[in-house]
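So you can see what is in the structure, the chains are spelled out below.
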Amino acid sequence: MIPDYAMPVQGLIGGLMIGVAAAVMLLGLGRIAGVSGLLARMMRISDSGPPLVLAGMFTVGLPLGAFIVSLLSGPVETRYPESAVILIVGGLVVGFGTRLGSGCTSGHGVCGLSRLSKRSVVATLCFMGAGFATVAIMNGLGLGW
Amino acid sequence: MAILALGSGALFGAGLAISGMADPTRVRDFLDLFGRWDPTLAFVMAGAILPMAIAWQIQRRLLSPLASSEFNVPSTAKIDGKLVSGSLLFGVGWGIAGLCPGPAIAGLALRPSEALIFVVAMIVGMMVYRSLSRPAFVETLATEKG
C-alpha cells in the first residue's frame with residue numbers, strides 16, 4: 001500500500017518534532033509557529049506578530065536545526081528543481097499568497113487544523129487542492145520536473 | 001524567551017530535515033496524485049498535528065504562556081475571499097516549486113544557492129502584497145495567522 005520510496009517512520013518522527021516545536025511556541029511564548037508570518041515579521045513586512053527578536057530567532061533556528069541534522073546524520077536529501085525560473089515564480093506566488101491568505105502549511109496546516117479552526121480547514125483544503133491541480137497541470141503541459 | 005524561540009525554530013528545522021520535507025521533489029511527489037504519489041507528507045502532518053492538538057487542550061487551561069505574559073492566538077473565524085484566494089495562490093506556488101516557507105528557509109543550510117533564490121523571491125512576493133494592500137492593512141492585522 002505504501003510505496004517503498006515513502007518515508008512513513010521518518011515522516012512521523014520529523015512531524016512529531018515539528019508539532020512539539022509549535023507547542024513550545026504556543027505554550028511557552030503564546031504565539032503561533034506560522035513560518036510565513038514570522039518571516040514577514042522578521043523582515044518588517046508585517047506590523048503584527050511577536051517582538052522582532054522572537055520572530056528572528058525562530059526563523060534563524062530553522063536552517064540551524066536542519067544544519068545540525070546534516071552534521072549528525074550526513075547529507076540531507078534535497079532534490080531542487082533545476083530551473084531558476086521555477087524557483088522564482090514559485091517563490092513570488094508563495095510569498096504573495098501566504099500574506100493574502102494569512103498563513104501557510106505551518107500556520108494553517110499544523111497550528112490551525114490541530115485546533116479545528118474553520119478558517120484553517122478552508123485554507124488547507126484550498127492550498128492542497130491548488131497544489132494537486134498545479135502539479136497535474138504542469139505535468140500535462142510537460143513542465144513537470 | 002529568545003532562546004525558546006531559537007530552540008523551537010531549530011527543532012522545527014530539524015523535524016523538516018528528518019521528515020524528508022527539506023526535499024522539494026518529495027513534496028512535489030506528494031502533490032502528484034496521478035503520478036508517482038509519495039504519501040510521506042501525510043505522515044508528517046499527522047505527526048505534527050498530534051502534539052499540537054494536545055497543546056491546544058493545555059492552552060485552554062492556562063491563564064498565560066509559561067514564558068510570556070499573554071496568548072496571542074488568532075480569534076477571527078471569518079472565511080472570506082482573501083483567505084480563499086490567498087490559500088489557492090499559495091497552493092499554486094507550492095505545486096510549482098515543491099517548496100513552502102518552512103522548508104525553503106531550512107534549505108538555506110542545505111542547498112544555499114537554490115534555496116536563497118526561492119526565499120528572496122518569496123520575500124519580494126510578500127512585499128508586493130503589502131505594497132498593494134496598504135489601505136486594507138488594518139484588516140490584515142486582525143486576521144494575522146502566519
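This report concerns the structure included in the present document. (Residues numbered from 1 in each chain as written. Chains lettered and ligands numbered in written order. Predicted model: local features only at pLDDT ≥ 70, side-chain atom pairs only at ≥ 80, totals over all residues. Heavy atoms only, no water.)

### Structural notes on the overall build of chain A
Looking only at helices and strands, chain A has six helices and zero strands in total. In sequence order, chain A lays out its α and β elements as α-α-α-α-α-α. When burial is assessed residue by residue, chain A has 59% of its 145 residues classed as buried. Looking at chain A alone, contacts between residues at least 24 apart form 35% of all its contacts between residues at least 6 apart. Looking at chain A as shown, the accessible area adds up to about 5,700 Å², and 72% of this sits on carbon and sulfur atoms. Side chains of chain A give 8 positive and 4 negative charges; the mean places of these two sets differ by 22 Å. (Helix = DSSP H or I, 4+ residues; strand = E, 2+ residues; numbered from the N terminus. Buried < 20%, exposed > 50% of the residue type's maximum accessible area, 1.4 Å probe, protein only. Contact = heavy atoms within 4.5 Å. Areas by Shrake-Rupley, 256 points an atom, 1.4 Å probe, with all protein chains shown as cover. Lys, Arg positive; Asp, Glu negative; His and termini not counted. Charge placed at Lys NZ, Arg CZ, Asp CG, Glu CD.)

### What about the overall build of chain B?
Counting its secondary structure elements, chain B contains seven helices and zero strands. Written out in order from the N terminus, the α and β elements of chain B read α-α-α-α-α-α-α. Counting only C-alpha atoms and orienting by the principal axes, one finds that chain B spans roughly 45 × 35 × 30 Å. Going through the 146 residues of chain B one by one, you find that 55% of them count as buried. Counting only contacts in chain B whose residues sit at least 6 apart along the sequence, the fraction spanning at least 24 positions is 40%. As displayed, chain B offers around 5,900 Å² of accessible surface, 70% of which is attributable to carbon and sulfur atoms. Treating the 11 positive side-chain charges of chain B as one cloud and the 9 negative ones as another, the clouds have centres 5 Å apart.

### Topic: the environment of B:Leu50
Note that B:Leu50 resides in helix H3 (residues 40–61). In this structure the C-alpha to C-alpha distance between B:Leu50 and B:Val27, which are 23 residues apart in sequence, comes to 21 Å.

### Some remarks on a nonpolar patch on the surface
Nonpolar side chains collect at one region of the surface, where A:Ile88, A:Leu92, B:Leu116, B:Ile117, B:Val120, B:Val124, B:Val128 and B:Leu132 lie side by side and expose about 620 Å² of accessible area between them. Looking at the nonpolar patch, the elements with two or more residues in it are helix H4 (84–100) of chain A together with helix H6 (112–132) of chain B. Mapping B:Val120 onto the fold places it in helix H6. (Patch = residues over 30% accessible without salt bridge, like charges linked within 9 Å, V, L, I, M, F, W, Y side chains within 5 Å. Salt bridge = Lys/Arg side-chain N within 4 Å of Asp/Glu carboxyl O.)

### Structural notes on the packing of helix H5 (residues 105–112) of chain A against H3(B)
For the pair H5(A) and H3(B), the least separation of the axes is 8 Å and the interaxial angle reads 65 degrees. Note on element contacts: H3(B) touches H5(A) through B:Met45, B:Ala48, B:Ile49, B:Met52 and B:Trp56, opposite A:Thr105, A:Gly109, A:Val110 and A:Cys111. Split by residue class, the contact of H5(A) with H3(B) holds seven nonpolar, two polar and no charged. (Axes fitted to C-alpha atoms, helices over the stretch in contact; angles between N-to-C directions. Nonpolar A, V, L, I, M, F, W, Y, C, P; charged D, E, K, R; others polar.)

### Quick look at the environment of B:Ile96
In this structure, B:Ile96 sits in helix H4 (residues 81–97). Judged by its relative accessible area of 14%, B:Ile96 falls in the buried class.

### Some thoughts on the packing of aromatic side chains
Considering all chains together, one arrives at seven aromatic pairs over all chains under this definition. When the centroid spacing of 5.7 Å and the interplanar angle of 85 degrees are considered together, the rings of A:Phe127 and B:Trp94 count as edge-to-face. Placement of the pair is A:Phe127 in helix H6 (residues 118–140) and B:Trp94 in helix H4, with the two residues belonging to separate chains. You'll find A:Phe127 and B:Trp94 in the same group, each marked buried. (Phe/Tyr/Trp six-rings, centres within 6.5 Å; stacked < 30°, edge-to-face > 60°.)

### With respect to the interface of chain A and chain B
Chain A puts 113 residues into the contact, and the matching count from chain B is 114 residues. Of the roughly 10,400 Å² buried where chain A meets chain B, counting both sides, 75% is carbon and sulfur surface. For the interface between chain A and chain B, the tally reads two salt bridges. For A:Asp47, the salt bridge goes to B:Arg130, with nearest N and O atoms at 2.9 Å. Counting across the interface, chain A meets chain B through 26 residue pairs in polar contact (both at pLDDT 80 or more). (Buried area = accessible area lost by both parts, 1.4 Å probe. Polar contact = N/O pair within 3.5 Å; in protein donor to acceptor, adjacent residues only side chain to side chain.)

These results come straight from atomic positions and should not be treated as a statement about function.
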